[in-house]
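Coordinates in review
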Amino acid sequence: MRKFLTTTTAAALIATMAAGIARAADNVEVLHWWTSGGEAAALDVLKKDLEGKGISWTDMPVAGGGGTEAMTVLRARVTAGNAPTAVQMLGFDILDWAKEGALGNLDEVAAKEGWDKVIPTALQQFSKYDGHWIAAPVNVHSTNWVWINKAALDKAGGKEPANWEELVALLDKFKEQGITPVAHGGQPWQDATIFDAVVLSLGNDFYKQAFIDLDPAALSGDKMKEAFERLAKLRSYVDDNFSGRDWNLASAMVIEGKAGVQFMGDWAKGEFIKAGKKPGTDFVCMRFPGTQGSVTFNSDQFAMFKVADDKVPAQLAMASAIESPAFQSAFNVVKGSAPARTDVSDEAFDDCGKKAIKDLAEANTNGSLFGSMAHGHANPASVKNAIYDVVTRAFNGELNADEAAEELAAAVEGAK
Ligand code: GAL
């Protein structure tokens, strides 16, 4: 009898341990900054998808748009020898981690599923290092968008601004209506997001020379001065409480009709959709005046860290789930972004989503697709942060246009 009990207990123990191991193995720990209403709704699509495949999710949210805070927390985790399974990451940050040898290898699943053929090369530049897949791209966002409250636009005559002068005239009309013309949150990454669009509105060549090639003449020249003048003009249309405001609260001002426009990447659309608003009826999406035909993009990717062997299958399963065409459609419809594959139908997308997909394809063909400076797709973090610093000081009136252009060139030179 005693022997029987012992055997049973041992068997039960082994079973429990096995289940425990299975649980640990079928789990992914994910660090990300998707904490706004629209972002969380999109993330839920991924969580549910994985749960349906028997993979549990340990959530590590780090609030802070653009991921600045998330990247600080990540550094601490990795330094402590405790890397998460997967981390939401942008552009050059992925390559920096790969250079450090911290990332895993997704070649097996990428080869089996033919990622090379369906993921745009502009994204592959950040998903691969030394010829190996290290990250799974989830989406393609772009930063040169304007989100307009439709009722306020109608009241102002209903015409979408076609150029800088018309944009300024529209903002003046919003002022006359007694609403805040520009909904904005004063955080460096948000200031930089507006600056992406402003610089692009002065020409594709100029954007490329300044932010991709980091040409000192473009960074300090007359066009850059004009860009800073435009930035200062836009600054004059924000409300008194803009400092430190989160981007999704700025979106809410447009959603609620308290403000006329927000200049923000298409994650803003996720907030409008979450609030039950419809494009064309409640809000209008358009490219920043003067930038139609061009796209400054950023792609959220899940960088896969080196984890214990028993965790690799769940990591690969997560990567595979992310790249499935059905998931790409379901997720990006909610997130406001375009799919990270070229073979996903735009059928399920609303008009803004269809436009995002079409603009992206056209810009890619025409050579007018550029990495977003503000969202880590033009330069490594060191240069990006140097640019942020000058842009924010200019936005806050600490530097005039001439000083800002000069400081920008110097700051970039120092950070290169
Ligand atoms: C971007 C990211 C988007 C969105 C946004 C605001 O960098 O690509 O997915 O999350 O930040 O948090």
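Each remark here, short or long, concerns the structure printed above.
Here is a short report on the structure shown in this document. Just so it is clear, the structure is predicted and the values come from calculations on it, not from any experiment.

A complete count under the given rule lists 22 salt bridges for this structure. Of the charged contacts in the structure, one is a salt bridge between Asp222 and Lys225, with a shortest N-O distance of 3.9 Å. Linking Asp222 with Lys225, this pair stays in helix α13 (residues 222-235), spanning three residues, or about one helical turn. Since its relative accessible area comes to 22%, Lys225 is described here as partly exposed. A salt bridge links Arg393 to Asp389, with the nearest nitrogen and oxygen atoms 3.6 Å apart. Pair noted here: Arg393 and Asp389 are both in helix α19 (residues 381-395), with a separation of four residues, about one helical turn. A cluster of three or more residues bridged by salt bridges with shared partners is formed by Arg287, Lys355 and Asp359.

Glancing now at the sheet that holds strand β7 (residues 139-142). On the basis of which strands lie adjacent, the open sheet formed by four strands has the order β14-β7-β12-β15 and mixed pairing. The sheet terminates laterally at β14 (338-339) and β15 (369-371), the two strands that pair on one side only. Sheet analysis places β7 next to strand β12 (residues 295-298), joined by two bridges and oriented antiparallel. Looking at β12, one finds that His141 is bridged to Asn298. Relative to the sheet, helix α11 (residues 204-212) contacts β12 and β15, its axis offset from that of β15 by approximately 25°.

Before going further, it helps to spend a moment on the state of the cysteines. Note: disulfide means a covalent bond formed between the sulfur atoms of two cysteine side chains. In total, this model carries one disulfide according to the counting rule given. Two residues, Cys285 and Cys352, share a disulfide whose sulfurs are 2.2 Å apart. Here Cys285 and Cys352 share a disulfide; its torsion about the S-S bond, -105°, makes the bridge left-handed. Taken together, the residues Cys285 in strand β11 (residues 283-287) and Cys352 in helix α18 (residues 351-366) connect sequence positions 67 residues apart. Note on accessibility: Cys285 and Cys352 belong to one class, buried.

Let us now look at the sheet that holds β11. Here we have four strands laid out as an open sheet, ordered β9-β10-β8-β11, and mixed in their pairing. Edge positions in the sheet fall to β9 (180-182) and β11, since each has one partner strand and no second. For this sheet, the mean inter-axis angle between neighbouring strands, taken without regard to orientation, is 20°. Note: strand β8 (residues 145-149) against strand β10 (residues 259-263), three bridges, orientation antiparallel. Residue Trp147 lies in a different strand from β10, and its bridge partner there is Gln262. Sheet strands in contact with helix α14 (residues 247-255) are β8, β9 and β10, and its direction is about 140° off that of β10.

Cut-offs applied
Think of each chain on its own: its residues are numbered from 1, step by step along the sequence as written. pLDDT decides what is reported in this predicted model: residues at 70 or higher carry local features, side-chain atom pairs at 80 or more are listed and counted, and totals for whole chains, interfaces and linings draw on all residues regardless. The basis for the side-chain values is all heavy atoms of the structure; hydrogens and waters are excluded. Salt bridge, as used here, is a side-chain nitrogen of Lys or Arg placed within 4 Å of a carboxyl oxygen of Asp or Glu. Numbering of helices and strands starts at the N terminus; helices are DSSP runs of H or I of at least 4 residues and strands are runs of E of at least 2. Note on classification: 1.4 Å probe, protein chains only; a residue is buried when its accessible area is under 20% of the maximum for its type, exposed when over 50%, partly exposed between these limits. Two strands are counted as paired when DSSP detects at least two bridges linking them. Contacts are assigned to residue pairs that have any heavy atoms within 4.5 Å of one another. Only C-alpha atoms enter the line fits that serve as axes; for helices the fit covers just the stretch in contact. Angles between N-to-C directions range over 0 to 180 degrees. Cysteine sulfur atoms that pair up within 2.5 Å are treated as a disulfide.

From the geometry alone we can't say anything about function, so treat these as descriptive.
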